[in-house]
Amino acid sequence: MQSYVQIENASMVFSTKKGKFTALTDINLHVEQGEFIALIGHSGCGKSTLLNLVAGLLDATDGVLLLSNKEIKGPGPERGVVFQNHSLLPWLSAFENVYLAVEKVFGRSETKKQLKARTTAALELVGLTHAAAKLPGEISGGMKQRVGIARALAMEPKVLLMDEPFGALDALTRAHLQDELLKIVAATQSTVIMVTHDVDEAVLLSDRIVMMTNGPAATIGEILTVDLPRPRERLQLAHDPHYHDLRSKVLEFLYSRQMRPKEAA
Amino acid sequence: MSAINATPENLNHILSGEDIALTPKVPAAAAPTRRTPLFESESGKRLIEGTLNLFKSIIPPLLGMLLFIAVWALIANTNKSIPGPSETWTSAVELFSDPFYDNGPNDKGIGWNILNSLYRVGLGFGAAAAVGIPLGFMIGRFDFLNRMLSPIISILRPVSPLAWLPIGLLVLQRAEPASIWVIFISSIWPMVLNTAAGVQRIPQDYMNVARVLNLSEFKVFTKILFPAVLPYVLTGVRLAIGVAWLVIVAAEMLTGGVGIGFWVWDEWNNLNVAHIIIAIFVVGIVGLLLEQALMLIAKRFSYD
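Residues numbered from 1 in each chain as written. Chains lettered and ligands numbered in written order. Predicted model: local features only at pLDDT ≥ 70, side-chain atom pairs only at ≥ 80, totals over all residues.

Here's the deal with the overall build of chain B
When helices and strands are counted, chain B shows 11 helices and 0 strands. When its helices and strands are written in sequence order, chain B yields α-α-α-α-α-α-α-α-α-α-α. In chain B, the proportion of contacts linking residues at least 24 apart, taken out of those at least 6 apart, comes to 70%. (Helix = DSSP H or I, 4+ residues; strand = E, 2+ residues; numbered from the N terminus. Contact = placed C-beta atoms within 7 Å.)

Right, here's the structure in full:
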């Protein structure tokens, strides 16, 4: 059976002023429908570049990327992206930010009333009904990120792509949003690819953790299957020896085998 | 908190009887309840604080003004050809008591002169905005155009506005359009450059959102480009109106007609120095008002 997202021999070379820079090489990854994949690695290892390739914001220099057997060419609303720094338009309210996406995807086939209902439903999913009329400048960082998630989910994407979505948040807010994301993903059966640098986040959320080697010319070093049963509970996992086992495997990869080169630090 | 709010609250507090009504119930042995003095009650404190803040915001500018007038009076005392503050004030009152008289083309009220100058600035500035803002958008959006035009802009921008006047007179043949041309050419640069800078500085994130959503060019412009660049445009507009108002006085001095600049020159020929000083204040105050009005608009569109 064909996989949902297929990345075959993808590589990415940037032309910079100092010459060519190979960011990614030989990336091979198959993602099944409904799977939650975490991309983890040290900063500069090209994990965001890989996500941008799937998003279509970058074009692979070599290799092929497929989404349900169609080649990925350029960005499109069937791949919802949650950006690192929320990327909400500051002159539009939370509702309007989500509505902009909904209107684009469903505007042709549905009435205004249906579009508004979709927007309201998306905001309700992330628990932000009360803040719908607020501008991004008037809500907290965690709420902004939730609007970003609502915007991506409202498009009913085939794949949800998240680029360190909780990286800029404080630890408590992050934990809260991770729990919410777990519930949302369980409810919507979304296929998710998420970039993170947080080991706990990766183990808690994902089905497989894709660990990347250090750049330049980074590639996939190892793939770890997280066979913890769902639904997962943060507190229970804290005492689960298997959870700690998985966690230390990722840590071992990151800090022993792929120790950051000293000159890069 | 203003004094107007504090006083009724204070009254309520006293009238609510918290202090008075309780007094008879207190046993005679206890010390009689003291009525809270105004400066110790909550509202009284607020009143005092409000008054202090008011003083803090009013005293320094007032002091500056007084100092300015004092220096002016001192200079006027030592140099008899310059009228002092009181003399100028009397003259100004007289002048502004009838601002819209009309005794033929060379003798009109100050109001007419100001309006004429504003009209010229409006035309020249309006034309500059109509050309400069779209041009700035295009320069910001297309790198080729940017590279093509930036050497020309770099050369033309530092040219003194009045250097354009002879060209204007030559091409347009008449003084009126020539002075509008000078306003146009001197106020266009801040709008072009600021708009272009604004377009170039749109965060990549916003453009990524546009790409992920596959927004149409029209939506990109109305929902992202225009609102993102608007604050920059308004900064350009604000700088441009400052320049335009600065230049109009000089341009009118050279071209004549009706207008505040020509009026200054006319009064110089009449040796009416008080009127020249009044004109300086009028130019300053009108410029300030124009800029403040645009600041207000800019604030409305700022999302930071």
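Back to the text.
Section: the sheet that holds strand β9 (residues 208-212) of chain A
Residues and elements named next belong to chain A. What the 6 strands build is an open sheet, ordered β6-β7-β8-β3-β9-β10; its pairing is mixed. Looking along the sheet, the strands with just one partner apiece sit at the ends: β6 (79-82) and β10 (220-225). With strand direction ignored, the average angle separating the axes of adjacent strands in the sheet is 15°. Both β9 and β10 contribute to a ladder of 5 bridges, which runs antiparallel. Residue pairing for β10: I209 is matched across the bridge by L224. Strands β6 and β7 (159-163) of the sheet are contacted by helix α4 (residues 141-154), whose axis makes an angle of about 175° with β6. (Pairing = 2+ DSSP bridges. Axes fitted to C-alpha atoms, helices over the stretch in contact; angles between N-to-C directions.)

Brief notes about the environment of K223 of chain B
When you line up the elements, K223 of chain B lands in helix α9 (residues 217-255). Measuring from C-alpha to C-alpha, the distance between K223 of chain B and A210 of chain B comes to 9.3 Å, with 13 residues separating the pair along the chain. Apart from residues no more than four positions distant in its own chain, K223 of chain B is found in contact with L89 and L100 of chain A together with L215 of chain B.

Quick notes on the packing of helix α3 (residues 85-97) of chain B against helix α11 (residues 273-300) of chain B
Residues and elements named next belong to chain B. Running from N to C, α3 and α11 point in directions that differ by 75°, and their axes come no closer than 9 Å. When the interaxial angle is binned, α3 and α11 end up roughly perpendicular. Contact with α3, carried on its side by E87, T88, S91, A92 and L95, involves A274, H275, I277 and I278 of α11 and no other residues of that element. Of the residues that constitute the contact of α3 with α11, the class distribution is 5 nonpolar, 3 polar and 1 charged. (Parallel < 35°, antiparallel > 145°, perpendicular 65-115°, else oblique. Nonpolar A, V, L, I, M, F, W, Y, C, P; charged D, E, K, R; others polar.)

What to know about the nonpolar core
The biggest cluster of nonpolar side chains holds 131 residues, and the ones touching the most others in it are L39 and V98 of chain A. No other element matches the 17 residues that α9 of chain B contributes to this core. Beyond its immediate stretch of four places on either side in the chain, V98 of chain A contacts T119, A122, L123, V147, A150, R151 and A154 of chain A. (Core = buried A, V, L, I, M, F, W, Y, C linked by C-beta atoms within 7 Å. Buried ≥ 20, exposed ≤ 12 C-beta atoms within 10 Å, placed from the backbone.)

Here's the deal with the interface of chain B and chain A
The interface is formed by 13 residues belonging to chain B together with 17 residues belonging to chain A. Elements represented by at least two residues in the side of chain B that touches chain A include exactly α8 (204-213) and α9 of chain B. The biggest single contributor to the side of chain B that touches chain A is α8 of chain B, with 7 residues.

Observations concerning the sheet that holds strand β5 (residues 70-71) of chain A
Residues and elements named next belong to chain A. Pairing is antiparallel in the open sheet, where 4 strands are placed in the order β2-β1-β4-β5. Each having just a single partner strand, β2 (19-31) and β5 make up the two edges of the open sheet. Examined bridge by bridge, strand β1 (residues 5-16) and β2 share 9 bridges and lie antiparallel to one another. Bridged to M12 within β2 is L24.

Considerations on the pairing of β6 of chain A
Residues and elements named next belong to chain A. Burial along β6 is two-sided: R79 and V81 and G80 and V82, pointing in opposite directions, are all buried. Inspection of the sheet shows β6 paired to β7 by 4 bridges, in the parallel sense. Looking across to β7, one finds that R79 is bridged to V159.

A short note on the confidence of the model for chain B
Residues and elements named next belong to chain B. Confidence in the prediction for chain B averages 84 pLDDT; 86% of positions are at 70 or higher. Considering each helix and strand of chain B separately, the mean pLDDT is smallest for helix α1 (residues 3-15), with a value of 46, and largest for helix α5 (residues 143-156), with 93. Both confidence scores are given for the complex: pTM 0.72, ipTM 0.80. (pLDDT = per-residue confidence, 0-100.)

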